[in-house]
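Listed here are the chains, written in short residue letters.
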Amino acid sequence: MRYQHVLLDLDHTLLDTDTSLQMAFGDAMSAVGADPTGVYPTFNDINEALWRRVEAQELTPPRVHVARFVELNEQLGLGVDPQRMADAFAQGMGEHGELYPGAREMLDKLAGMATLALITNGLSGIQRARIERLGIHDHFAAITISAEVGAAKPGTEIFDVAFEALGGPDKSGALMVGDNLGSDIAGGNNAGIDTCWYNPSGKPASAKHPASHTISSLEALLPIVAGQ
Ligand SMILES: [Mg+2]
């Protein structure tokens, strides 16, 4: 095998996070008796902007939890309790969203080829609930969640924690796989390991965050790890 250790992102890489977000948003609005019709794009913009601030290391993931609903309340003038929305949203995020088609089969095969770690910028309760519900816990020798370790991608600290949990493997045989150039690919580059950008929608590449490999389907990861 070309790579003995594969670190995988969860959101938008293995998990259909868009569906998870939209359904959880419906739960959050219902919890305060607000109509979610047509409001999701506004929330999505707020949420994505806050996560970009996490990547810029201006915010921590736990701060995003309520901040997105505080901002939504202000923008829409809802006058409801943002904490109640955030709590319903967090529960919904754990409860909704499936693996992308083919992701489970790919993970089954990959787990037979390399030692796997999950490395995710997310909130502990949400990510743990999803991992449990999806039944993918046993595929991973290490599960590193930013809110649990107090560090997030693209910083090197979260990678240090993951590598320590994997027993300090040789970095030349490690690969970081994810959909996000600013967190996954930049993070892998910062950590000094090879990277594989999962880019199913054909986004333009970035000179700032070059990836060692780019794939448009998850199955394409298997020959890369094998070195074929
Ligand atoms: Mg992702």
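Residues numbered from 1 in each chain as written. Predicted model: local features only at pLDDT ≥ 70, side-chain atom pairs only at ≥ 80, totals over all residues. Heavy atoms only, no water.

A. Molecular detail of the domain arrangement of the protein. Partitioning the protein into structural domains gives domain 1 (5-16 + 98-226) and domain 2 (17-95). Here the C-alpha centre of domain 2 lies 24 Å away from the C-alpha centre of domain 1. Taken together, both faces of the contact between domain 1 and domain 2 bury some 1,400 Å²; the carbon and sulfur share is 53%. For the interface between domain 1 and domain 2, the tally reads 0 salt bridges. On inspection of domain 1 and its partner domain 2, the count reaches 12 residue pairs in polar contact (both at pLDDT 80 or more). Secondary-structure elements contributing two or more residues to the side of domain 1 that touches domain 2 are α6 (124-134), α7 (146-149) and α9 (181-191). Sort the elements by how many residues they give to the side of domain 1 that touches domain 2 and α6 lands first, with 4 residues. Among the residues making up the side of domain 1 that touches domain 2, the classes are represented as 8 nonpolar, 8 polar and 5 charged. (Domains from an automatic or database assignment. Buried area = accessible area lost by both parts, 1.4 Å probe. Salt bridge = Lys/Arg side-chain N within 4 Å of Asp/Glu carboxyl O. Polar contact = N/O pair within 3.5 Å; in protein donor to acceptor, adjacent residues only side chain to side chain. Helix = DSSP H or I, 4+ residues; strand = E, 2+ residues; numbered from the N terminus. Nonpolar A, V, L, I, M, F, W, Y, C, P; charged D, E, K, R; others polar.)

B. Up close: the packing of helix α1 (residues 17-31) against helix α2 (residues 40-55). Here α1 crosses α2 at 120°, and the two axes come no closer than 11 Å. Crossing angle aside, the handedness with which α1 passes α2 is right-handed. On the side of α1, the interface is formed by Asp18, Leu21, Gln22 and Phe25, while α2 contributes Tyr40, Phe43, Asn44 and Asn47. Taken together, the residues of the contact of α1 with α2 sort by class into 4 nonpolar, 3 polar and 1 charged. (Axes fitted to C-alpha atoms, helices over the stretch in contact; angles between N-to-C directions. Left-handed = near helix turned anticlockwise from the far one by under 90°. Contact = heavy atoms within 4.5 Å.)

C. Highlighting the sheet that holds strand β5 (residues 194-198). The strand order across the open sheet built from 6 strands is β3-β2-β1-β4-β5-β6, with neighbouring strands paired in parallel fashion. Looking at which strands have only one partner, the edges of the open sheet turn out to be β3 (142-145) and β6 (213-215). Adjacent strand axes in the sheet meet at a mean angle of 20° when their direction is disregarded. Bridge count between β5 and β6: 3 bridges; the pairing is parallel. Within β6, the residue paired with tryptophan 197 across the bridge is threonine 214. This element, α6, spans β2 (115-120) and β3 of the sheet and lies at about 150° to β3. (Pairing = 2+ DSSP bridges.)

D. Fine view of the pairing of β2. Most of β2 sits inside the fold, with 5 of its 6 residues counted as buried. Pairing of strand β1 (residues 5-8) with β2, which is carried by 4 bridges, proceeds in the parallel orientation. What sits directly across from histidine 5, in β2, is threonine 115. Sheet topology note: the β2/β3 ladder contains 4 bridges and is parallel. Looking at the pairing, isoleucine 119 lines up with threonine 144 of β3. In this fold, the crossover linking β2 to β3 by way of α6 has right-handed handedness. (Buried < 20%, exposed > 50% of the residue type's maximum accessible area, 1.4 Å probe, protein only. Right-handed = clockwise from strand over helix to strand, strands pointing away.)

E. Molecular detail of the packing of aromatic side chains. Summed over the entire model, instances satisfying the criterion amount to 6 aromatic pairs. Between phenylalanine 25 and tyrosine 40 the ring centres are 5.7 Å apart and the planes differ by 65°, which places this aromatic pair in the edge-to-face class. One end of the pair, phenylalanine 25, is in helix α1; the other, tyrosine 40, is in helix α2, and 15 residues separate them in sequence. Ring geometry for phenylalanine 69 against phenylalanine 89: centres 5.2 Å apart, planes inclined by 65°, an arrangement best described as edge-to-face. Of the two residues, phenylalanine 69 sits in helix α3 (residues 61-76) while phenylalanine 89 sits in helix α4 (residues 82-95), which places them 20 residues apart along the sequence. Take phenylalanine 69 and phenylalanine 89: they sit in the same class, and that class is buried. Joined through ring pairs, the aromatic side chains of Phe25, Tyr40, Phe43, Phe69 and Phe89 make up one cluster. (Phe/Tyr/Trp six-rings, centres within 6.5 Å; stacked < 30°, edge-to-face > 60°.)

F. A look at the side chain of arginine 130. The topology assignment puts arginine 130 in helix α6. Discounting chain neighbours no more than four positions away, the residues touching arginine 130 are Asp11, Leu15, Thr17, Ser20, Met93 and Gly94.

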